Amino acid sequence: MFRTLFVQEARTQLRRNAAVLGLGALLAAGFLVLWWFFARVPVLSSLLQMGMLVCLVGTPLVIGVQVAAEYWSSMYGRRGYLTMALPVRGRALYLAKALYALLVGLAVTAAVVAGIVAWALVSALAMGADAATAWGRIADGFGAMGPGWALFMVAATVLMVANLVLEVFAVMSIGAEGRWNHLGFGAPMIGFVIVYIANQVVSMVSTVLIPFGIDSRTGSIQMRIMLPELIDAVRTGAEVTYVGMGALIAGPIMALLMAWWAIRSIERDRKSTRLNSSHLAES
């Protein structure tokens, strides 16, 4: 049943998500080509780069809004009653939608990275470098990261996208609970603000207190707390060379807790929907 829910989610959303991504990529490519020709015209070059930046930032935002709006509409909008009446568990509904959103988020992230690489390549070519030199500079940039850093960045990106998906969907489901649903979509909006503030606090505390981080000089992962070095840097003006990465641990924990809360909310809503349906049938 989970597979059926996921496939239905893809059938409902994939075409319009792909359309936005394709349009964003087409516009970005157009700005890049024009920039290539007018790179040495200061004002026009700046405007074209701004257009490229808008594409790189705006496309993920539009697709994110599409996916979030579909979640709200299918769960708590006009189609919500039918969704809640399906003979499946609430966790299956939530996780099928979250998995689709995660895969879309990762695809869009990969597209944005490709856009940034293309931007760097065209920039080098526009400044007079040949193709081999331009590709060499980009390859050197990735090579300098090393496989360890590259794997770490990929894992961190996946976690960040997953956290965002789980938390956004969770806020909407929690905000739709009976005690808050009189506020309509205002409840999730308030929830987004609260979760944002909570994330900042959790990120800051976990960064300095959880014994997990990276030494910026060597790139090695170490299991020690950042707080003592931070205090020493504040007192003596020394450079901080150890960066705590505890947020990568605390963030997923917070997202999973919110997902658990959301699934409980969905289960209660489904139970209420079934009871209402049975009462209507009896009457």
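What you are looking at is a predicted structure, and each value in this text was computed from that prediction instead of being measured.

Rules behind the numbers
Residues numbered from 1 in each chain as written. Predicted model: local features only at pLDDT ≥ 70, side-chain atom pairs only at ≥ 80, totals over all residues. Heavy atoms only, no water. Helix = DSSP H or I, 4+ residues; strand = E, 2+ residues; numbered from the N terminus. Buried < 20%, exposed > 50% of the residue type's maximum accessible area, 1.4 Å probe, protein only. Contact = heavy atoms within 4.5 Å. Areas by Shrake-Rupley, 256 points an atom, 1.4 Å probe, with all protein chains shown as cover. Core = buried A, V, L, I, M, F, W, Y, C linked by side-chain atoms within 4.5 Å. 1 Å grid on protein atoms, 1.4 Å probe; cavity = no way out; pocket = protein on both sides within 12 Å on 5 of 7 lines; lining within 4 Å. Points joined across faces, edges and corners; volume = space filled by probe spheres on them. Nonpolar A, V, L, I, M, F, W, Y, C, P; charged D, E, K, R; others polar. Expected span 1.5 Å × (residues − 1). Patch = residues over 30% accessible without salt bridge, like charges linked within 9 Å, V, L, I, M, F, W, Y side chains within 5 Å. Salt bridge = Lys/Arg side-chain N within 4 Å of Asp/Glu carboxyl O.

1. Notes on the overall build of the protein
Across its full length, the protein carries eight helices and three strands. When the helices and strands of the protein are placed in sequence order, the string is α-α-α-α-α-α-β-β-α-β-α. Sorting the 283 residues of the protein into buried and exposed places 37% on the buried side. Counting only contacts in the protein whose residues sit at least 6 apart along the sequence, the fraction spanning at least 24 positions is 71%. For the protein, the accessible area works out to roughly 16,400 Å², and carbon and sulfur atoms hold 73% of it.

2. Observations regarding the side chain of Lys97
Among the secondary structure elements, Lys97 is positioned in helix H4 (residues 90-126). On the accessibility criterion, Lys97 (6% relative accessible area) is buried. Look past the residues within four positions of Lys97 in its chain and what remains in contact with it is Glu9, Tyr71, Ser74, Met75 and Phe169.

3. What about the nonpolar core?
Ranked by internal contacts, the top residues of the largest apolar core, which has 40 residues, are Tyr71, Met75, Tyr76, Tyr94, Phe169 and Ile266. Apart from the residues lying within four places of it in its own chain, the contact partners of Met75 are Gly80, Thr83, Met84, Leu93, Lys97 and Ile266.

4. A word on the layout of surface pockets
Of the voids in this model, the largest pocket is the one considered here, and its volume is about 1,300 Å³. Elements with a minimum of two residues in the lining of the largest pocket: helix H2 (42-76), H4, helix H5 (131-175), helix H6 (186-209) and helix H8 (247-282). Looking at which element gives the most residues to the lining of the largest pocket, the answer is H5, with 13 residues. Of the residues assigned to the lining of the largest pocket, the class counts are 30 nonpolar, ten polar and one charged.

5. Examining helix H1 (residues 2-38)
Between its first and last C-alpha atoms H1 spans 51 Å; for 37 residues at 1.5 Å apiece the expected length is 54 Å, and the two agree. The set of residues buried in H1 consists of Leu5, Glu9, Ala10, Gln13, Asn17, Val20, Gly24, Ala28, Leu32 and Trp35.

6. Focus on the environment of Ala187
As for its position among the elements, Ala187 is in helix H6. Placed 13 residues apart in sequence, Ala187 and Ile174 show a C-alpha to C-alpha distance of 8.6 Å. In this structure Ala187 touches Gly175 and Trp180, once residues within four positions along its chain are discounted.

7. Considerations on a nonpolar patch on the surface
On the surface, a cluster of nonpolar side chains totalling about 870 Å² of accessible area is made up of Val33, Leu34, Trp36, Phe37, Phe38, Val41, Val43, Leu44 and Leu47. Mapped onto the nonpolar patch, the elements with two or more residues apiece are H1 and H2. Per-element tally for the nonpolar patch: the top contributor is H1, with five residues. Within the element layout of this structure, Val41 appears in the loop between H1 and H2.

In short, the description is geometric, and any link to function would need to be established separately.
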